[in-house]
Amino acid sequence: MPRCTLEYGDLFYEEIGQGNPIIFLHPPGMGRKVFQFQKPLSEHYRLILPDLSGHGESSALLKNVTIQRYAKEVLELADSIGLEKVTLCGYSSGGSIAQEFALAYPDRTESIILCGGFAEVQSPSLKYEHMLGMYFVRNSPKNLAKVIATAHTFDKNYRTELIEHMLKTDLNTWFHFYHESLNYSCIGRLKNLNVPLLLIYGERDFINQHLRAYERELEDFRTAIIPKVSHQVPVKKWQEVNNEVAKFLEEHSARR
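Please read all numbers here as calculations on a predicted model, not as lab measurements.

**Q** Can you explain the overall build of the protein chain? Please cite residues and give values.
**A** Along the protein chain, the regular secondary structure elements total 9 helices and 8 strands. A compact globule built from 256 residues should have a C-alpha radius of gyration of about 18 Å, and the protein chain, at 17 Å, falls within 12% of that. The C-alpha extent of the protein chain, read off along each of the three principal axes, is 50 × 40 × 35 Å. By the burial criterion, 58% of the 256 residues in the protein chain qualify as buried. In the form shown here, the protein chain has an accessible surface area of approximately 11,300 Å², with 48% of it arising from carbon and sulfur atoms. Within the protein chain, the 31 negative side-chain charges are centred at a point lying 5 Å from the centre of the 29 positive side-chain charges.

**Q** Can you break down the packing of aromatic side chains residue by residue, with the values?
**A** Following the criterion strictly, the structure yields 6 aromatic pairs and no others. A centroid spacing of 5.2 Å and a plane angle of 80° characterise the contact between Phe 37 and Tyr 158, whose relative ring orientation is edge-to-face. Of the two residues, Phe 37 is situated in the loop between strand 3 (21-25) and strand 4 (46-50) and Tyr 158 in helix 5 (residues 156-166); the sequence distance between them amounts to 121 residues. Residue classification places Phe 37 among the partly exposed residues on the basis of a relative accessible area of 26%. Ring geometry for Tyr 70 versus Phe 177: centroids 5.1 Å apart, planes at 50°, classification tilted. Of this pair, Tyr 70 sits in helix 1 (residues 67-81) while Phe 177 sits in helix 6 (residues 171-183); the two residues are 107 residues apart in sequence, bridging distant segments of the chain. A relative accessible area of 0% places Phe 177 in the buried class. Aromatic rings pair up to connect Phe 37, Tyr 158 and Trp 238 into one cluster. Its guanidinium or amino end placed over the ring of Phe 175, Arg 138 lies 3.8 Å from that ring's centre, counting from NZ or CZ.

**Q** Summarise the environment of Ile 48; cite the residues concerned and give the values.
**A** Within the secondary structure, Ile 48 is located in strand 4. For Ile 48, a relative accessible area of 0% gives the class buried. Taking the C-alpha atoms as reference points, Ile 48 and Pro 21, separated by 27 residues in sequence, lie 7.1 Å from one another. Setting aside residues no more than four positions away along its own chain, Ile 48 makes contact with Tyr 13, Glu 14, Glu 15, Pro 21, Ile 22, Ile 23, Phe 24, Leu 77, Ile 81 and Leu 83.

**Q** Tell me what's going on with the environment of Ile 226, and back it up with residues and numbers.
**A** Looking at the secondary structure, you find Ile 226 in strand 8 (residues 222-226). Separated by 73 residues in sequence, Ile 226 and Thr 153 have C-alpha atoms that sit 17 Å apart.

**Q** Quick rundown of unusual backbone geometry? Include the residues and the values.
**A** For Ser 92, which is not glycine, the phi dihedral falls at a positive 55°. Within the chain, Lys 228 stands out as a residue other than glycine whose phi angle is a positive 60°. Tracing the sequence through the fold places Lys 228 in the loop between strand 8 and helix 8 (233-236). On the basis of relative accessibility, which here comes to 60%, the residue Lys 228 falls in the exposed class.

**Q** Give a detailed account of the packing of helix 4 (residues 141-152) against helix 5, specifying residues and quantitative values.
**A** Running from N to C, helix 4 and helix 5 point in directions that differ by 145°, and their axes come no closer than 9 Å. Considering only the axes of helix 4 and helix 5, their crossing is right-handed. Along the contact surface, helix 4 presents Ala 145, Lys 146, Ile 148, Ala 149, Thr 150 and His 152, while helix 5 presents Arg 159, Leu 162, Ile 163 and Met 166. When its residues are assigned to classes, the contact of helix 4 with helix 5 shows 6 nonpolar, 2 polar and 2 charged.

Conventions and cut-offs
- Along each chain, residue indices are assigned from 1 in the same order as the chain's sequence is written.
- The model is predicted, so local features are restricted to residues of pLDDT at least 70 and side-chain atom pairs to those at 80 or more, both for listing and for counting; the totals for chains, interfaces and linings are taken over all residues.
- Calculation of side-chain values draws on the structure's entire complement of heavy atoms; hydrogens and water are dropped beforehand.
- Helical segments are the DSSP runs of H or I of at least four residues, strand segments are the runs of E of at least two, and each set is numbered from the N terminus.
- Our radius of gyration looks at C-alpha atoms and nothing else; its globule reference is 2.2 Å times the residue count to the power 0.38.
- The classification of residues rests on relative accessible area computed with a 1.4 Å probe and restricted to protein chains. Under 20% of the type maximum is buried, over 50% is exposed, and intermediate values are partly exposed.
- Calculation of accessible area relied on Shrake-Rupley with a 1.4 Å probe; when residues are assessed, cover is drawn exclusively from the protein chains displayed.
- Neither His nor the chain ends contribute to the count of charged residues, in which Lys and Arg are positive and Asp and Glu negative.
- Note on charges: their place is set at NZ of Lys, CZ of Arg, CG of Asp or CD of Glu.
- The criterion for an aromatic pair is that two Phe, Tyr or Trp rings (for Trp, the six-membered ring) have centres within 6.5 Å, with stacked assigned to planes under 30 degrees apart, edge-to-face to planes over 60 apart and tilted to the rest.
- Ring-over charges, as used throughout, are those where CZ of Arg or NZ of Lys falls within 6 Å of the ring centre and within 35 degrees of the ring normal.
- Between two residues, a contact is recorded if the distance between any of their heavy atoms is within 4.5 Å.
- Angular values range over 0 to 180 degrees, each being the angle between N-to-C directions of two axes fitted as lines to C-alpha atoms, with helices fitted over their stretch in contact.
- Here a crossing is called left-handed whenever its near helix is offset anticlockwise from the far helix by less than a right angle, and right-handed whenever the offset is clockwise.
- By the convention adopted, Pro, Cys, Tyr, Trp, Phe, Met, Ile, Leu, Val and Ala count as nonpolar, Lys, Arg, Asp and Glu as charged, and the other residues, Gly among them, as polar.

Below you can see the structure in the form of structure tokens.
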């Protein structure tokens, strides 16, 4: 498997398929394994699935974890692969990195896709979820990994794979990724987001109320609400998510 050498270690990633590149960005602790069911998109697109520093097989370890530093890390990954412009697909807090990348490096951004994303943690429920994650990282990371994996799948083999991968995460990184996501906000800069945007939410996900911030600040973006699912759309409703991603990218390509 390929690795990107950074000044603070190696970044491990999978690369499959050909075509326009999509970099997938995972939430705290989960690593690239959460995008297992997005791999069929490789029939038409070039998929890059990194374990961000401090996660999974990556030996790279940031001293100071911030959303901005992760965005720069993604830029360094794109540079090392030779990608001029990329589409970024961020799941949950991974969407914060995608948005920061698009705002900081607009000339390197083709489009962004947010699955259960948010410009700022606004709801008490989402704030509590972050704080609960931070508590369990410090006190019981094994139980946290089990809870997260169980929420994503009933398949025992895949659940075990997710748990084993999550437990490779550096605990300090895991904690601070939650902390930084909790305190990150790009609402004041959303008007500067001048790339095609797709927002994907589960119909039953309380996070979808964060859609209102985009509605207030942006005039042109696409929204897909996936029925009969909560937050775990990339895994539990992967066919629908993949279809929405492909449709969005095809429409964007046709407009260019």
